[in-house]
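Residue strings, one per chain:
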Amino acid sequence: MKLGIMQPYFLPYVGYWQLLNEVDSYVVYDDVNYIKGGWINRNRILVNGKVNYLTLELQGASPNKLINEIGLSSNNKSRIKLVKTISQAYKKAPMYDKVFPLIEEILLFKNNNLGTFVFNSIDAIAKYLDIDTKLYLSSEISKDNSLKGQDKVINICKQLNADTYINAIGGQKLYSFSDFRSEGIVLRFLKTCEDICYPQLTSDFCPSLSILDMLMMLPAEDVKLYLKKFTLIDGDENA
């Protein structure tokens, strides 16, 4: 069984979905520390042809807290404003009529826990793309929470009976091929192809935007073709 583990990112870029689509089970890592300035509560879209940040307003955010200990602002006006921004930005996009109701439902989800809110958005988009990967919240998995880093990941793999662990390419320095191999687990890294390009509402292509941009521009079946544009780095070849 192939397993992936990543933090709950807000409407993340295509690479996140490539990993989720490639594995059999996927753990949304909600009981690790919040990273300020990361992608947990923000992402980038195009507004009038220029890159613009969408940011979920939080309350009590701190790198000393776990993601699932942080709440969204109780002021729904901020999320309603995001809905309006997206509507205005993509009203001329080919898939607007189909995708906007999905995004609106995601943003107005009535749960203010950051981990739960983002997990719901991941689940909703996965269903839209017909991805059948089984999703877990890490906080709901019985595991040894005294462990850290690689040791905790290996423990989760064992709890879920995974024989292969696939991580995003950015985590290469965090994990040891030999350590995973000694536990009977194959370690691989997923690298998104650099030539991903699709029509956008701008003349100059902007890479690595939120998946929202791609969803607005392409039918779901075409988006799924881009989910296959990656390479897997195997430890035996690149150790």
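Residues take numbers from 1 onward in each chain, read along the sequence in its written order. Whole-chain, interface and lining totals are the exception, using all residues; otherwise, since this is a predicted model, local features are given only for residues with pLDDT of at least 70 and side-chain atom pairs are given and counted only at 80 or more. The side-chain figures draw on all heavy atoms in the structure; neither hydrogens nor water molecules are used.

Novice: Sorry, what's going on with the sheet that holds strand S9 (residues 186-192) here?
Specialist: In any sheet, the strands associate via hydrogen bonds between backbone groups, in a parallel or an antiparallel arrangement. Strand order in the open sheet made by the six strands is S7-S2-S1-S8-S9-S10, with mixed pairing throughout. Looking at the sheet topology across the chains shown, the edges are occupied by strand S7 (134-137) and strand S10 (230-234). Shown here is a sheet whose adjacent strand axes are inclined to one another by a mean of 25°, direction ignored. A pair of strands counts as paired when DSSP detects no fewer than two bridges linking them. Helix and strand definitions here come from DSSP, where helices need a minimum of 4 consecutive H or I residues and strands a minimum of 2 consecutive E residues; each element is numbered from the N-terminal end. Inspection of the sheet shows strand S2 (residues 25-28) paired to S7 by four bridges, in the parallel sense. Residue pairing across strands places Val-28 opposite Leu-137, the latter belonging to S7. Here, residues are in contact when the closest pair of their heavy atoms is within 4.5 Å. Here an axis means a line fitted to C-alpha atoms, over the contact stretch when the element is a helix, while the angle between two N-to-C directions is reported on a 0 to 180 degree scale. Along the sheet, helix H5 (residues 149-159) contacts strand S1 (2-6), S2 and strand S8 (164-168); its crossing angle with S1, the most-contacted strand, is approximately 140°.

Novice: What is the right way to read the environment of Asn-111 from this model?
Specialist: For Asn-111, the position within the fold is in the loop between helix H3 (96-107) and helix H4 (114-128). Burial classes follow relative accessibility: with a 1.4 Å probe on protein chains only, a residue under 20% of its type's maximum area counts as buried, one over 50% as exposed, and anything between as partly exposed. A relative accessible area of 26% means that Asn-111 is categorised as partly exposed. In this structure the C-alpha to C-alpha distance between Asn-111 and Leu-72, which are 39 residues apart in sequence, comes to 8.4 Å. Each polar contact in these results corresponds to two N or O atoms within 3.5 Å; when the atoms are within protein, one needs to be able to donate a hydrogen and the other to accept it, and residues that are neighboring in sequence are counted only if both atoms are side-chain atoms. Separated by 2.9 Å, the side chain of Asn-111 and the backbone nitrogen of Asn-113 make a polar contact.

Novice: What should I look at first to understand the nonpolar core in this one?
Specialist: Generally speaking, nonpolar side chains in soluble globular proteins are found buried as a group. In plain words, nonpolar cores are sets of buried Ala, Val, Leu, Ile, Met, Phe, Trp, Tyr and Cys residues tied together by side-chain atoms within 4.5 Å. Of all hydrophobic cores here, the largest spans 87 residues; its most connected members are Trp-17, Ile-86, Tyr-90, Leu-114 and Leu-212. Looking at this core element by element, the count peaks at nine residues for H4. With residues up to four places along the chain from it excluded, the contact list for Tyr-90 reads Ile-45, Leu-46, Tyr-96, Leu-201, Leu-212, Asp-213 and Met-216.

Novice: Help me understand H5, please; the structure alone is not making it clear to me.
Specialist: Each α-helix turn comprises 3.6 residues. Residues three or four places apart therefore point the same way. For H5, the full list of buried residues reads Gln-150, Lys-152, Val-153, Ile-154, Asn-155, Ile-156 and Cys-157. Contact partners of the buried residues in H5: S1, S2, S8 and helix H6 (177-182). Phi turns positive one or two residues past the end of H5, at Asn-161, with a value near 60°.

Novice: I would appreciate a short explanation of the pattern of salt bridges in the present structure.
Specialist: Pairing is possible between side chains that carry opposite charge, provided their charged atoms lie close to one another. Throughout this description, the term salt bridge denotes a Lys or Arg side-chain nitrogen within 4 Å of a carboxyl oxygen of Asp or Glu. Going through the model one piece at a time under the given rule, you end up with five salt bridges. Here Asp-123 makes a salt bridge to Lys-127, at a shortest N to O gap of 3.2 Å. Linking Asp-123 with Lys-127, this pair stays in helix H4, spanning four residues, or about one helical turn. Overall, the relative accessible area of 59% leaves Lys-127 in the exposed class. For Asp-234, the salt bridge identified is with Arg-188, shortest N-O distance 3.9 Å.

Novice: Which parts of the structure should I look at to understand the environment of Cys-206?
Specialist: In this structure, Cys-206 sits in the loop between S9 and helix H7 (211-217). Taking the C-alpha atoms as reference points, Cys-206 and Lys-228, 22 residues apart in sequence, are found 20 Å from one another. Those residues in contact with Cys-206 that sit more than four places away from it in its chain are Leu-46, Val-51 and Gln-200.

Function-wise, these values are silent; they only describe arrangement.
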